[in-house]
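# Observations on chain architecture
Each chain, written out:
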Amino acid sequence: MAEEPAPKPGLEGRTVEECQDMIQRSFRTPMVKFLKEHLEKAGCTFGDNFIKAVHCNNQISGGYVRGEGIMVCSNHINMQDEVNQVVIHELIHAYDDCRAANLDWANCAHHACSEIRAGHLSGDCHYKRELLRGYMKIRGHEQDCVRRRVMKSVTANPYCSEAAAKDAMEAVWDICYNDTKPFDRAP
Ligand SMILES: [Zn+2]
């Protein structure tokens, strides 16, 4: 299970119904189409109900749970771009879960690896998104941003202390940051 921390509370968010429509719209973006296609190619088909809008009590924007699918927290998102990002990020977790038969979400290194890939490959750390979050540093920003977000997600894993998360992240960083499947096969 992987959960993504949401930005600071404050904005209202959306209703579950609005969020469900936004999820449907995200299916028309090239990244989501590409990932769905590759999930299916890898034999990981999922039904219409795989991605659900839900109301979340924890301060998270979304998550992926094996056997259940992807959730997008309607009350912690506002814009279409945020929904697209959550869907893309969680689809990368779903892809990792499917392709690696022995992926253990309770293992901090496994979890960190999937967070590194999802954070890097989803474009979560594109400089425009970082500017919106108020992080202005440009040089080296992408890796700093991915590291910060990996730490937030992995330390939220009840099996991973902050020290364990940091060690796990550094141990697998190079391999996982450079593992760009399925995007290495992009046209
Ligand atoms: Zn994640």
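For every chain, the first residue of the written sequence is number 1, and numbering continues from 1 onward in sequence order. Selection of residues for local features in this predicted model requires a pLDDT of at least 70, selection of side-chain atom pairs for listing and counting requires 80 or more, and totals for whole chains, interfaces and linings are taken over all residues.

### Quick look at the confidence of the model for the chain
The score called pLDDT rates the predictor's confidence residue by residue, from a low of 0 to a high of 100. For the chain, the average pLDDT comes to 90, and 90% of its residues sit at 70 or higher. Note on conventions: DSSP H or I runs of at least 4 residues are helices, E runs of at least 2 residues are strands, and numbering of each starts at the N terminus. The lowest-confidence element of the chain is helix α5 (residues 127-132), averaging 69 in pLDDT; the highest-confidence one is helix α7 (residues 162-177), averaging 98.

### Describing the nonpolar core
Take the buried Ala, Val, Leu, Ile, Met, Phe, Trp, Tyr and Cys residues, join any whose C-beta atoms are within 7 Å, and the set you get is a nonpolar core. Field definition: a residue is buried when 20 or more other C-beta atoms are found within 10 Å of its C-beta, exposed when 12 or fewer are, and partly exposed for counts in between, with C-beta atoms placed from the backbone. Judged by nonpolar contacts, the single largest core of 25 residues is most densely connected at I23, V72, V83, V87 and L91. Elements represented by at least two residues in this core include exactly α1 (16-26), α2 (30-41), β2 (51-54), β4 (69-73), α3 (80-99) and α4 (108-121). At eight residues, α3 tops the list of elements feeding residues into this core. Working definition of a contact: two residues with C-beta atoms, positioned from the backbone, lying within 7 Å. Setting aside residues up to four positions removed in sequence, I23 forms contacts with I51, A53, V72, V83 and V87. Counting 15 residues, the second largest nonpolar core, distinct from the first, contains C108, I116, V150 and M169.

### Side note on the sheet that holds β4
Pairs of strands are assigned from DSSP output, requiring at least two bridges between the strands. With mixed pairing, four strands are arranged side by side in an open sheet as β1-β3-β4-β2. Two strands lie at the open edges of the sheet, namely β1 (2-5) and β2, each paired on one side alone. Strand-to-strand, the axes of this sheet are offset by a mean angle of 15°, without reference to chain direction. As paired strands, β1 and strand β3 (residues 60-65) are joined by four bridges and run antiparallel to one another. Pairing of A2 across the sheet is with Y64, part of β3. Lines are fitted to the C-alpha atoms to define the axes, a helix being fitted only along its stretch in contact, and any angle between axes, read from their N-to-C directions, falls within 0 to 180 degrees. Along the sheet face, α1 touches β2 and β4 and points at about 155° away from the line of β2.

### Examining the environment of K166
Secondary-structure assignment places K166 in helix α7. A sequence separation of 58 residues divides K166 from C108, and the C-alpha atoms of the two residues are 9.2 Å apart.

### A word on the domain arrangement of the chain
For the chain, the domain assignment lists domain 1 (1-100) and domain 2 (104-179). By convention here, the domain bounds are inherited from an automatic or database domain assignment. Distance between the C-alpha centres of domain 1 and domain 2: 18 Å. Of the residues lining the interface, twelve residues belong to domain 1; the matching set on domain 2 comes to 13 residues. Mapped by element, the contributors of at least two residues to the side of domain 1 that touches domain 2 are β1 and α3. Residues were grouped as follows: Ala, Val, Leu, Ile, Met, Phe, Trp, Tyr, Cys and Pro as nonpolar; Asp, Glu, Lys and Arg as charged; and all remaining residues, including Gly, as polar. Tallied by class, residues from the side of domain 1 that touches domain 2 come to six nonpolar, three polar and three charged.

### What to know about α1
Among all positions in α1, only C19, M22, I23 and S26 are buried. Projection of α1 onto a plane perpendicular to its axis shows the buried side chains occupying an angular sector of 105°, all on one side. Buried residues along α1 sit in contact with α2, β2, β4 and α3. Directions pointing from the helix axis toward each C-beta atom define the arc.

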